[in-house]
Each structure stands twice: as structure tokens, then as C-alpha cells.
Amino acid sequence: PDVVVNPQGRKSEGFMMYYSTMTKDTKEKCIVRAISEDGFRWFKSDVVLRPDEEGFDAEGCARCCIIRNAEYDRASGKWEFTRGWTMYYDGASSEDKKHRIMQAESRDGKKWNKIGVVMDVGDVDSWDHKGVSSAHVIRLDDGTMRMYYQGEDESGNVKIGVSRLSDSGVWEREETAAFSLAG
């Protein structure tokens, strides 16, 4: 699950948790929101992301990372929070069965609009050609953003990759940062 503090909500929604689940009736892999006043007692709220009929998340939506929107103020050297949230989540394709990292945006953390793929699988000979997933995004003090994610090659070897958000808003791989999880 991913838990965020909600400064924009009512006291009863002071914490929001997003987690992956499968619906009982349709067996869809979805992302659900739960709310809490204290971070200990949780109440399931609603499904916030469902797979599309076709496309890169038609087989399901899973594992998400939620960050509060912010802009970097170069003069002060600080991130200033703005309204809304961004979600990075795994989309599973019905066509090639590969996972890709996708993005959705929300003004209130309840209703989400899908943006699309932000980190696609790597080239055919790359270490992350079979799939990318499990994004975790952080903001750095220098005004940049970094995404850590899991990649898998054709042999099933898993590595952790790092990408940087460019000035043009595109996530760019920093290939030299990939490392193996092998013991």
C-alpha cells in the first residue's frame, strides 16, 4: 500500500491509503482508496482506478506510488506544494502481458484521470525489456525528481533502475544506476 497525509481533506480523511486488489465480481485488478482519521483504523472508500477495455492497463492496475503535487521554487530552493496529487502505477497490457509504469492525476485524491504510460519497457536487448513496475518517486533538494523502479529481462532477472524527470517532463533512464537484486 501507499499512504499519504491529506492536508486538503476533512479530519476523517486525514490519511489516504491506496492499495491493489481484485474485485470479487469481475476479478479486475484495481486500485482502491481507504481513509483514516488517525492512520490506524481504516475504512475502505472506493475503487479509484480500474483497467481500461484495451490498452496498456487492460489486464489490470496495481502497485502505486502517490505524491502530492508541488513546484520547485528556484529562488528559495524549496518545493512548494500545489493542489492535487499524482499517481504512478503498474499497468498490465492485454496484448503483450508486460507491465509498464503509468500516470494518473487527481485534484482531490478521490477521482483520478489517467494520463498514460510514463515509463515503457526497454529496448529488446535491455535489462528491463520484459517489464517495468513498482515505481517510487522522490523529489530532491536540487529541484529534480527521481523514479526508482523494478525492471525484468527476458531471462527473468530483476534489477532496480533509476530514471530522472527531464525539464521537458519525460522520465529518462539513468542506465548506470541499474543494479541487480541477486545475492
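See the structure above.
Everything numeric in this text was worked out from a predicted model, so none of it was measured.

What follows concerns the overall build of the chain. Of the regular secondary structure elements, the chain holds zero helices and 13 strands. Along the chain, helices and strands appear, N-terminal first, in the series β-β-β-β-β-β-β-β-β-β-β-β-β. Taken against the 2.2 N^0.38 rule, which gives 16 Å for 183 residues, the C-alpha radius of gyration of the chain at 17 Å falls within 12% of a compact globule. Considering only C-alpha atoms, the chain reaches an extent of 50 × 50 × 35 Å along its principal axes.

Attention now goes to the pattern of salt bridges. Once their charged atoms are close, side chains differing in charge can pair, the charge on each being opposite to the other. Using the criterion set out here, one finds 15 salt bridges in the structure. We note a salt bridge from R100 to D120, for which the minimum N-O separation is 2.6 Å. Remark: D120 occurs in the loop between β8 (113-119) and β9 (131-139) and R100 occurs in strand β7 (residues 99-106); sequence separation between them is 20 residues. Two residues, E174 and R146, come together in a salt bridge whose shortest N-O distance is 3.8 Å. Here the residue E174 occupies a position in the loop between β12 (171-173) and β13 (179-180), and R146 occupies one in strand β10 (residues 145-152), the gap between them amounting to 28 residues. You can call E174 partly exposed: its relative accessible area is 24%. Under the relative-accessibility criterion, R146 is labelled partly exposed at 26%. Connected through salt bridges with shared partners, the residues E13, R33, D46 and K110 form a single ionic network.

We now examine the layout of surface pockets. Its volume calculated, the largest pocket comes out at about 200 Å³. If you list the elements that add at least two residues to the lining of the largest pocket, you get β5 (60-73), β6 (78-92) and β7. Sorting elements by how many residues they give to the lining of the largest pocket places β5 first, with three residues. Within the lining of the largest pocket, the residues separate by chemical class into seven nonpolar, four polar and two charged.

Inspection of the secondary structure puts Y19 in strand β2 (residues 15-22). For Y19, the residues in contact, after removing those within four places along its chain, are P1, C30, I31, V32, A34 and K44.

Reading guide: rules and limits
- Residues numbered from 1 in each chain as written.
- Predicted model: local features only at pLDDT ≥ 70, side-chain atom pairs only at ≥ 80, totals over all residues.
- Heavy atoms only, no water.
- Helix = DSSP H or I, 4+ residues; strand = E, 2+ residues; numbered from the N terminus.
- Rg over C-alpha atoms; globule rule 2.2 N^0.38 Å.
- Salt bridge = Lys/Arg side-chain N within 4 Å of Asp/Glu carboxyl O.
- Buried < 20%, exposed > 50% of the residue type's maximum accessible area, 1.4 Å probe, protein only.
- 1 Å grid on protein atoms, 1.4 Å probe; cavity = no way out; pocket = protein on both sides within 12 Å on 5 of 7 lines; lining within 4 Å.
- Points joined across faces, edges and corners; volume = space filled by probe spheres on them.
- Nonpolar A, V, L, I, M, F, W, Y, C, P; charged D, E, K, R; others polar.
- Contact = heavy atoms within 4.5 Å.

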